[in-house]
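# Structural overview for review
These are the residues of each chain, in order.
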Amino acid sequence: MKSDTPKTVIEVKNLACGYGETVVLQKVSFSVHSRELFFVIGGSGCGKSTLLRCMIGLLKPLKGDVAYFGKSFTAADAVQRRDILKTFGVLYQNSALWSSMTLAENVSLPLEEHTSLTREDRLEITTLKLAQVGLSGSEELYPSELSGGMKKRAALARALALDPAIVFFDEPSTGLDPITSREMDQLILQVRETLGTTMVIVSHQLSSIFRLADRVIVLDHKTKGIIAEGAPRELAATSTDPRVRDFLNQDEDSSKRTKHPSAVKPDPISK
Amino acid sequence: MTARQQLPEAGTELRTATAKLETGQSGSECLVKVGGDWRLSEPVPSWTGVLGEKTATSMRVVPEGLGKWDTTLVLFLVHGQAWCAKSKKDFHVEALPKNLQALLRQVAGISEPKPMAKTDVKSTWGLAGDMAKMWASHAMEMVSFIGECTLGFMDAAKKPRQFRWMDCLFEMQQCWATSLPIVSVVSFLVGVILAFQAAIQLRQFGAAIFVADLVGLAVVREMGPMMAAVIVAGGTGAGFAAQLGNMKVGEEIDALETLGVSAVDFLALPRLLAVTLMMPVLAAYANVLGVLGGMFVSATMLDIPAAAYWIETQASVGVLDVTTGLIKSLFFGLAVGLAGCLRGMKCERSAAGVGAATSSAVVTGVMLIILADALFGTIFNVLRI
Ligand SMILES: Nc1ncnc2c1ncn2[C@@H]1O[C@H](COP(=O)(O)OP(=O)(O)OP(=O)(O)O)[C@@H](O)[C@H]1O
Ligand SMILES: [Mg+2]
């Protein structure tokens with residue numbers, strides 16, 4: 001925070017991704033800095049989830065490279081890849097908790113796989129992580145016994161299990177009611193404040209974007225790439241691109257709401 | 001409308017008045033009176049006999065005792081409007097309720113519904129080509145999956161503590177519990193059927209006792225392992241595909257991969273080992289039940305005492321026969337496990353995909369079982385076992 005030049009955590013260089021023959025995104029380049037709340041936004045079907053899947057290694061890029069902490073992820077061998085995977089957590093759009101395991105087992109599996117902690121230690125950490133997301137006492141429940149919001153929170157606890165440096169979110173607040181979605185936002189801020197985690201968030205929710213984002217990139221499906229990059233309020237006010245202005249000014253209420261200081265907005269990281 | 005009147009009286013709230021349509025002429029205008037309740041669930045009048053009226057220059061629809069109405073009435077009016085537009089007549093609905101008019105304006109200009117597009121029917125040869133391509137790609141996937149699993153097992157052999165033994169035990173238990181009742185019934189009945197078939201032939205020569213030889217060998221060498229394998233393919237194999245398919249759809253497998261955990265190591269290997277180890281046990285059990293089935297028929301129909309039957313079975317069925325059957329069943333188990341896990345992990349990300357994966361797992365499993373059986377038959381024949 002104090003240093004003048006922000007530390008680059010993720011660097012995406014000239015990335016192209018798609019499925020088989022169809023190219024969804026091309027020539028995508030951007031970087032994410034340490035402790036940043038970085039948003040990927042854009043209309044439905046513009047390839048936000050595809051970009052995310054490419055960045056976390058679920059989809060092989062057609063071209064280009066993703067690098068974490070200066071180490072290429074795309075070109076990594078199995079061991080390096082596992083080391084990089086250890087540094088990030090992912091919260092999936094539909095939570096993706098392992099349905100045959102209890103919440104405690106869900107949260108402790110990453111610890112089991114990547115650490116040599118004893119069973120007792122793992123249990124202790126699990127309890128702590130679940131408490132952190134407000135789910136203490138639900139250790140023995142199965143994912144099918146939870147509500148949507150509780151599942152999201154449990155999935156966040158799982159994503160945070162290894163104290164990752166980066167957490168990826170695919171639409172953290174879709175399908176949640178406004179209050180729960182607000183709580184989710186608070187939780188995200190709180191995690192960033194306490195653990196200093198870098199977050200990459202795919203979202204539609206304007207209120208979340210204005211409340212949380214330090215920087216956003218806007219994707220477009222016609223251009224198949226980034227059409228704008230910057231702080232959301234600046235973009236909303238000054239962007240010359242009508243698509244960006246339309247997207248960010250859809251809802252007058254939410255842009256007004258951001259003028260309220262009630263939304264905790266920490267200092268921007270860079271500059 | 002007579003059909004309506006014959007219906008039994010419903011509760012008062014549900015009772016509806018019949019929809020009514022009256023037409024009359026006033027000057028050059030055709031007056032259409034709609035009344036009663038127009039419900040989707042009730043028969044309603046149609047335009048038949050009204051449209052086609054040539055004399056009137058315009059048509060006016062007015063309500064008369066109009067009760068409840070829904071889309072039926074809107075649709076009815078749309079038809080009338082369309083006909084009027086086509087034959088250049090004015091269509092007046094000003095007297096109708098405001099909300100009905102609003103609805104009518106909303107749907108104004110909808111075109112005739114297009115006939116549903118006919119599904120593309122491929123030629124038989126085209127379809128056969130597609131199937132061949134699919135089978136070829138399935139075969140390739142299977143080969144690479146076998147490779148992955150082999151590597152996984154080699155890793156696990158080096159680090160046995162990391163293998164998910166608990167999952168393996170759990171799956172073995174599941175496999176045993178779900179298959180046992182069906183294997184019992186089917187194997188016993190297969191023994192009974194074989195014994196009947198043999199008895200018809202052998203009785204003619206007064207050689208009924210040889211039923212024991214025939215049933216014993218057929219069951220132990222072929223039918224026992226085969227029946228057990230087919231049943232496990234339909235139960236446990238399909239279960240694997242459904243489980244893993246669901247996990248794929250719910251991004252659970254993705255969540256494992258981004259954790260740096262291989263889904264093959266984590267999910268497939270314990271299941272593969274479980275079903276491979278369980279299959280010979282079930283096959284042995286099926287053997288016993290099959291022989292019992294033959295014994296039952298012999299004792300009740302052929303008057304061969306159970307003890308004599310047992311002695312004859314022991315004399316004809318050698319240790320080698322039993323062992324070859326059980327060795328085969330090990331491979332059947334592997335085939336069922338591979339088919340189930342592979343189809344589940346290659347499942348398409350939709351609910352329909354899970355169904356397709358499940359049935360594909362059963363088909364692939366049974367096919368692999370039969371292929372393996374044919375292969376073993378040839379090998380044993382060459383080796384003269
Ligand atoms: N498995 C797939 N195979 C082929 N094409 C796909 C696949 N998944 C997505 N696509 C295509 O890729 C494009 C981008 O999809 P993606 O899911 O990344 O959109 P998105 O920006 O996340 O949209 P949303 O906001 O609705 O989630 C879409 O046009 C879609 O049709
Ligand atoms: Mg998406």
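What you are looking at is a predicted structure, and each value in this text was computed from that prediction instead of being measured. (Residues numbered from 1 in each chain as written. Chains lettered and ligands numbered in written order. Predicted model: local features only at pLDDT ≥ 70, side-chain atom pairs only at ≥ 80, totals over all residues. Heavy atoms only, no water.)

Under the criterion given, the structure shown has twelve aromatic pairs over all chains. Look at Phe30(A) and Phe38(A): their rings are 5.2 Å apart centre to centre, the planes differ by 15°, and that puts the pair in the stacked class. Pair check on accessibility: Phe30(A) and Phe38(A) agree, each one buried. Pairing Phe376(B) with Phe380(B) gives two aromatic rings, centres 5.6 Å apart and planes at 35°, and the pair type is tilted. On the criterion of helical spacing, the pair formed by Phe376(B) and Phe380(B) is a turn pair, its members being four residues apart in helix H11 (residues 351–383). For Phe380(B), a relative accessible area of 11% puts it in the buried group. Three or more aromatic residues joined by ring pairs make a cluster, and in this case those are Tyr68(A), Phe73(A), Phe88(A) and Phe168(A). Lying across the ring of Trp98(A), Arg158(A) places its NZ or CZ 4.2 Å from the centre. Above the face of the Phe240(B) ring, Arg271(B) is positioned so that its terminal group lies 5.8 Å from the ring centre. (Phe/Tyr/Trp six-rings, centres within 6.5 Å; stacked < 30°, edge-to-face > 60°. Buried < 20%, exposed > 50% of the residue type's maximum accessible area, 1.4 Å probe, protein only. Helix = DSSP H or I, 4+ residues; strand = E, 2+ residues; numbered from the N terminus. Lys NZ or Arg CZ within 6 Å of the ring centre and 35° of its normal.)

With that out of the way, let us pick up the nonpolar core. In terms of nonpolar packing, the biggest core is built from 82 residues, with Ile10(A), Leu51(A), Tyr68(A), Phe88(A) and Phe168(A) touching the most fellow members. With 14 residues, helix H8 (residues 263–301) of chain B is the largest single contributor of residues to this core. Leu160(A), Met199(A), Phe247(A) and Leu248(A) belong to the second largest nonpolar core, which has 43 residues in total. (Core = buried A, V, L, I, M, F, W, Y, C linked by side-chain atoms within 4.5 Å.)

A separate point is the interface of chain B and chain A. Each partner contributes to the interface: chain B provides 16 residues, whereas chain A provides 21 residues. Of the roughly 1,500 Å² buried where chain B meets chain A, counting both sides, 56% is carbon and sulfur surface. Looking at the side of chain B facing chain A, the largest losses of area belong to Glu251(B), Thr258(B) and Leu259(B), adding up to 40% of the total buried there. When the shortest N-O distance is used, the salt bridge between Glu112(A) and Arg164(B) registers 3.7 Å. The tally of links between chain B and chain A comes to seven residue pairs in polar contact (both at pLDDT 80 or more). Elements with a minimum of two residues in the side of chain B that touches chain A: helix H6 (211–249) and helix H7 (252–257) of chain B. Residue contributions to the side of chain B that touches chain A peak at five residues, all from H7(B). Here the residues of the side of chain B that touches chain A sort into seven nonpolar, three polar and six charged. (Contact = heavy atoms within 4.5 Å. Buried area = accessible area lost by both parts, 1.4 Å probe. Salt bridge = Lys/Arg side-chain N within 4 Å of Asp/Glu carboxyl O. Polar contact = N/O pair within 3.5 Å; in protein donor to acceptor, adjacent residues only side chain to side chain. Nonpolar A, V, L, I, M, F, W, Y, C, P; charged D, E, K, R; others polar.)

Residues and elements named next belong to chain B. Two elements in contact, helix H2 (residues 71–86) and helix H3 (residues 98–106), have axes separated by 10 Å at closest approach and are oriented at 60°. Taken together, the axis directions place H2 and H3 in an arrangement best described as oblique. For the element pair H2 and H3, the recorded crossing hand is right-handed. Contacts between H2 and H3 pair Leu73, Val74, Leu77, Val78 and Gln81 from the former with Leu100, Leu103 and Leu104 from the latter. Residue classes in the contact of H2 with H3 are distributed as seven nonpolar, one polar and no charged. (Axes fitted to C-alpha atoms, helices over the stretch in contact; angles between N-to-C directions. Parallel < 35°, antiparallel > 145°, perpendicular 65-115°, else oblique. Left-handed = near helix turned anticlockwise from the far one by under 90°.)

What follows deals with the sheet that holds strand S5 (residues 71–72) of chain A. Residue and element names in this part refer to chain A. Pairing in this open sheet of four strands is antiparallel, and the strands run S2-S1-S4-S5 from one edge to the other. Of all the strands in the sheet, the pair left with one neighbour each is strand S2 (22–33) and S5. Relative to S2, strand S1 (residues 8–19) runs antiparallel, the two sharing eight bridges. In the sheet register, Thr8 faces S2, and the bridge partner there is His33. Packing of helix H1 (residues 48–55) onto the sheet brings it into contact with S1, S2 and strand S4 (63–68), and relative to S1 it is tilted by some 120°. (Pairing = 2+ DSSP bridges.)

Here the focus is the site of ligand 1. Residue and element names in this part refer to chain A. Taken together, Tyr19, Val24, Ser44, Gly45, Cys46, Gly47, Lys48, Ser49, Thr50, Glu171 and His204 form the complete shell of residues around ligand 1. In the environment of ligand 1, an oxygen atom lies 2.8 Å from a nitrogen or oxygen atom belonging to the backbone of Gly45. Interatomic distance of 2.9 Å between a backbone N/O atom of Gly47 and an oxygen atom of ligand 1. Taken by itself ligand 1 offers 640 Å² of open surface, and the protein chains cover 56% of this. Of the residues that constitute the shell around ligand 1, the class distribution is three nonpolar, six polar and two charged. (Near = heavy atom within 4 Å. Areas by Shrake-Rupley, 256 points an atom, 1.4 Å probe, with all protein chains shown as cover.)

All names here are of chain A. Their axes nearest at 11 Å, the elements helix H5 (residues 148–159) and helix H6 (residues 178–195) cross at an angle of 10°. The angle between the axes of H5 and H6 places the two elements in the roughly parallel class. From H5, Gly149, Lys152, Arg153 and Leu156 reach across to H6, where they touch Thr180, Glu183, Met184 and Leu187. Split by residue class, the contact of H5 with H6 holds three nonpolar, two polar and three charged.

So, about the side chain of Thr50(A). Residue and element names in this part refer to chain A. Its location among the elements puts Thr50 in helix H1. Relative accessible area serves as the criterion here: at 7%, Thr50 is assigned to the buried category. Filtering out sequence-adjacent residues up to four positions away, Thr50 remains in contact with Cys17, Tyr19, Val24 and Leu59.

All names here are of chain B. One open sheet accounts for four strands, arranged S1-S2-S3-S4; its pairing is mixed. With partners counted over all chains shown, the strands left at the sheet margins are strand S1 (20–26) and strand S4 (90–92), one partner each. Geometrically, the sheet is characterised by an average inter-axis angle of 20° between neighbouring strands, direction not taken into account. Relative to strand S3 (residues 58–69), strand S2 (residues 29–38) runs parallel, the two sharing eight bridges.

This part is about the domain arrangement of chain A. Residues and elements named next belong to chain A. Under the domain assignment, chain A is made up of domain 1 (36–59 + 71–87 + 168–260) and domain 2 (90–163). Across the boundary between the two partners, domain 1 contributes 18 residues, which contact 16 residues of domain 2. Together domain 1 and domain 2 conceal approximately 1,600 Å² of surface at their shared face, both sides included; 64% is due to carbon and sulfur atoms. Contact with domain 2 buries surface across domain 1, with Arg82, Lys86 and Leu187 losing the most and accounting together for 27% of the total. Our count for the domain 1 to domain 2 interface comes out at zero salt bridges. At the junction of domain 1 and domain 2, the tally comes to four residue pairs in polar contact (both at pLDDT 80 or more). (Domains from an automatic or database assignment.)

This part covers the pattern of salt bridges. Enumeration according to the criterion identifies 23 salt bridges over all chains in this entry. Arg215(A) serves as the salt-bridge partner of Glu36(A), at 2.6 Å between the closest nitrogen and oxygen. Of this pair, Glu36(A) sits in the loop between S2 and strand S3 (37–42) while Arg215(A) sits in strand S9 (residues 215–220), and the two are 179 residues apart along the sequence. The partner of Arg164(B) in a salt bridge is Asp167(B), with the nearest N and O atoms 3.0 Å apart. We classify Arg164(B) as buried; its relative accessible area is 19%. In this structure Asp167(B) comes out as partly exposed when scored by relative accessible area, which is 25%. Because the salt bridges share partners, they merge into one network encompassing Glu36(A), Arg215(A) and Glu229(A).

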